[in-house]
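Chain and residue survey
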Amino acid sequence: MWFLIVRVFNLATNTFKFFTAITLIVISLPLHSAEIILKNGDIYLVEIFEENSEQIKFTWKNENYKIPKSEILTIDSTQTGKDQYYLSSDVLLNDGSKLKAVITEEKKETLTLKSSLGYVTLPKSKIVKIESKKPEEISITKYKIFDINKKGTNIGFSFAYQTFPKINSDSSLSFVGGGNFFIEPQALVLHRFFRFGILGELVSSPNSRIESISLYNGVFYINGDFPITKWLHFYSNIGAGSSFVRYTKDDVTTSGINGIGQFTIGYAGFSFNRIIIRIGYKASYILEKQDGLFLQGGEFSIGYIL
């Protein structure tokens, strides 16, 4: 029994070290400031965290955005700063032309404007009318993307298949299957990467009149969520609770309530929008009076972020 306890402890310790390293990498992910000018003339100072030939992803005022490059006139990475914006104005000139630009400086007789072509200073005598946007007309709002890393309340189901050593020398049981319902409340968020969760679980062996085992588990756990990129996204659960074990052999049934420890580690890169998808390795240890029961195997979870 002690060998199994030490084994689970060592696995949890090594995994904690691994995810500590992952957390440090996530925290230090490179961001670079840039000025983007949209085709409507609006200018934003943002922090870009992902860019390819078709689009850019950036953070602005603690929200994530994704904009196709077809909607952008220029990206200037030499500009520094963040969370600033300058809404463009329609400047109607006396020759009938119209200019979309941001007013950067106003003097008694001139206006300095910035557009995708750069800075230009115009005499006020050449300007017929200026139509300015209202401050609340933020043009990038429609490009906001839901951040899977934001901490709403997670609910969902898990399905597991776990194997275990023989209960006794003449036992034929070797695996159980089943599932659980879990909830990870927003109110129990500890940190950007950690939160508490609760699960109710039922796993059992195939139905047999000769021998069978069922476990009804209730576990309180800490969930760790470690997104590095969209596709490099890992998670872990470690917790403890109680297990009602029911064992039947040759029409003789024994049952009892025991302590249980659980540990899960896996991949969550298939999650999208508000849908949570986790695939991982799961280990459970049931504390018996004599020999404990060690289960290990795979788990698939699907959930939703409220």
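Anything mentioned here points back to the structure above.
Below you will find a few notes about this structure. (Residues numbered from 1 in each chain as written. Predicted model: local features only at pLDDT ≥ 70, side-chain atom pairs only at ≥ 80, totals over all residues. Heavy atoms only, no water.)

Considerations on the environment of S301
As for its position among the elements, S301 is in strand β19 (residues 293-305). Residue class for S301 comes out buried when judged on its relative accessible area of 4%. C-alpha of S301 to C-alpha of F157: the two residues are 144 residues apart in sequence and 5.7 Å apart in space. Setting aside anything within four residues of it in sequence, one finds S301 in contact with F157, S158, F182, I276, I277 and R278. Of note is the side chain of S301, whose polar atom sits 2.5 Å from the side chain of S158. (Helix = DSSP H or I, 4+ residues; strand = E, 2+ residues; numbered from the N terminus. Buried < 20%, exposed > 50% of the residue type's maximum accessible area, 1.4 Å probe, protein only. Contact = heavy atoms within 4.5 Å. Polar contact = N/O pair within 3.5 Å; in protein donor to acceptor, adjacent residues only side chain to side chain.)

Let's talk about the packing of aromatic side chains
Geometry of an aromatic ring pair is reported as the spacing of the ring centres plus the angle between the planes. All told, the structure shown has 12 aromatic pairs when counted by the stated rule. When the ring of F196 is compared with that of F220, the centres are 5.0 Å apart and the planes differ by 15°; the resulting orientation is stacked. One end of the pair, F196, is in strand β14 (residues 194-204); the other, F220, is in strand β15 (residues 211-227), with 24 residues separating them in the sequence. For F220, a relative accessible area of 40% translates into the label partly exposed. A network of ring pairs unites the aromatic residues Y44, F58, W60 and Y65 as a single cluster. Positioned above the aromatic ring of Y235, the side-chain terminus of R278 is 5.4 Å from the ring centre. (Phe/Tyr/Trp six-rings, centres within 6.5 Å; stacked < 30°, edge-to-face > 60°. Lys NZ or Arg CZ within 6 Å of the ring centre and 35° of its normal.)

What to know about the pattern of salt bridges
Evaluated as defined, the whole model comprises six salt bridges. The partner of K129 in a salt bridge is E131, with the nearest N and O atoms 3.3 Å apart. A residue is classified by how much of its surface remains accessible, and K129, at 44% relative accessible area, is partly exposed. Note on E131: relative accessible area 38%, which makes it partly exposed. Put simply, E184 and R278 hold a salt bridge, and the shortest N to O gap is 3.1 Å. Pair noted here: E184 is in strand β13 (residues 175-184) and R278 is in strand β18 (residues 275-287), with a separation of 94 residues, a long-range link. Considered together, E184 and R278 belong to a single accessibility category, that of buried residues. Through salt bridges with shared partners, a single network forms among E201, K282 and E299. (Salt bridge = Lys/Arg side-chain N within 4 Å of Asp/Glu carboxyl O.)

A short note on the sheet that holds strand β12 (residues 154-163)
Read around the closed barrel, eight strands run β12-β13-β14-β15-β16-β17-β18-β19, paired in antiparallel fashion. On average, each strand axis in the sheet is inclined to that of its neighbour by 25°, with strand direction left out of account. Sheet analysis places β15 next to strand β16 (residues 233-249), joined by 17 bridges and oriented antiparallel. The residue bridging D225 from the neighbouring strand is Y235, located in β16. (Pairing = 2+ DSSP bridges. Axes fitted to C-alpha atoms, helices over the stretch in contact; angles between N-to-C directions.)

Here's the deal with the nonpolar core
In this structure, F164, V176, I213, L215, I286, L293 and L295 are the most contacted members of the largest nonpolar core, which totals 16 residues. Every element with two or more residues in this core is listed here: β13, β14, β15, β16 and β19. By residue number, the principal contributor to this core is β15, which donates four residues. Ignoring sequence-local partners within four residues, the contact set of L215 consists of V176, E201, L202, V203, S243, F244, V245 and I286. (Core = buried A, V, L, I, M, F, W, Y, C linked by side-chain atoms within 4.5 Å.)

Structural notes on the sheet that holds strand β8 (residues 98-106)
The strand order β10-β9-β8-β7-β11 describes an open sheet built from five strands, whose pairing is antiparallel. Because the sheet does not close on itself, it has two edges, and the strands there are β10 (118-123) and β11 (127-132). On average, adjacent strands in this sheet sit at an angle of 45° to one another, irrespective of strand direction. By the bridge criterion, four bridges tie strand β7 (residues 89-93) to β8 in an arrangement that is antiparallel.

Some details on a nonpolar patch on the surface
Residues F157, F159, F181, W231, F270, I279, F300 and I302 make up a contiguous nonpolar surface patch of about 810 Å² in total accessible area. Of all the elements in the fold, those that place two or more residues in the nonpolar patch are β12 and β19. Checked against the element boundaries, F157 lands in strand β12. (Patch = residues over 30% accessible without salt bridge, like charges linked within 9 Å, V, L, I, M, F, W, Y side chains within 5 Å. Areas by Shrake-Rupley, 256 points an atom, 1.4 Å probe, with all protein chains shown as cover.)

Some remarks on the side chain of D225
Turning to its location among the elements, D225 is positioned in strand β15. Residue classification places D225 among the buried residues on the basis of a relative accessible area of 11%. Among the polar contacts made by the side chain of D225, one reaches the side chain of H233 at a distance of 2.8 Å.

Remarks on the pairing of β18
Each regular strand displays side chains that alternate between the two surfaces of the sheet. The pairing of strand β17 (residues 252-267) with β18 spans nine bridges and is classified as antiparallel. Directly across from I260, in β18, lies its bridge partner I286. Pairing analysis gives 12 bridges linking β18 to β19, with the strands arranged antiparallel. Counterpart to G280 in the pairing with β19 is E299.

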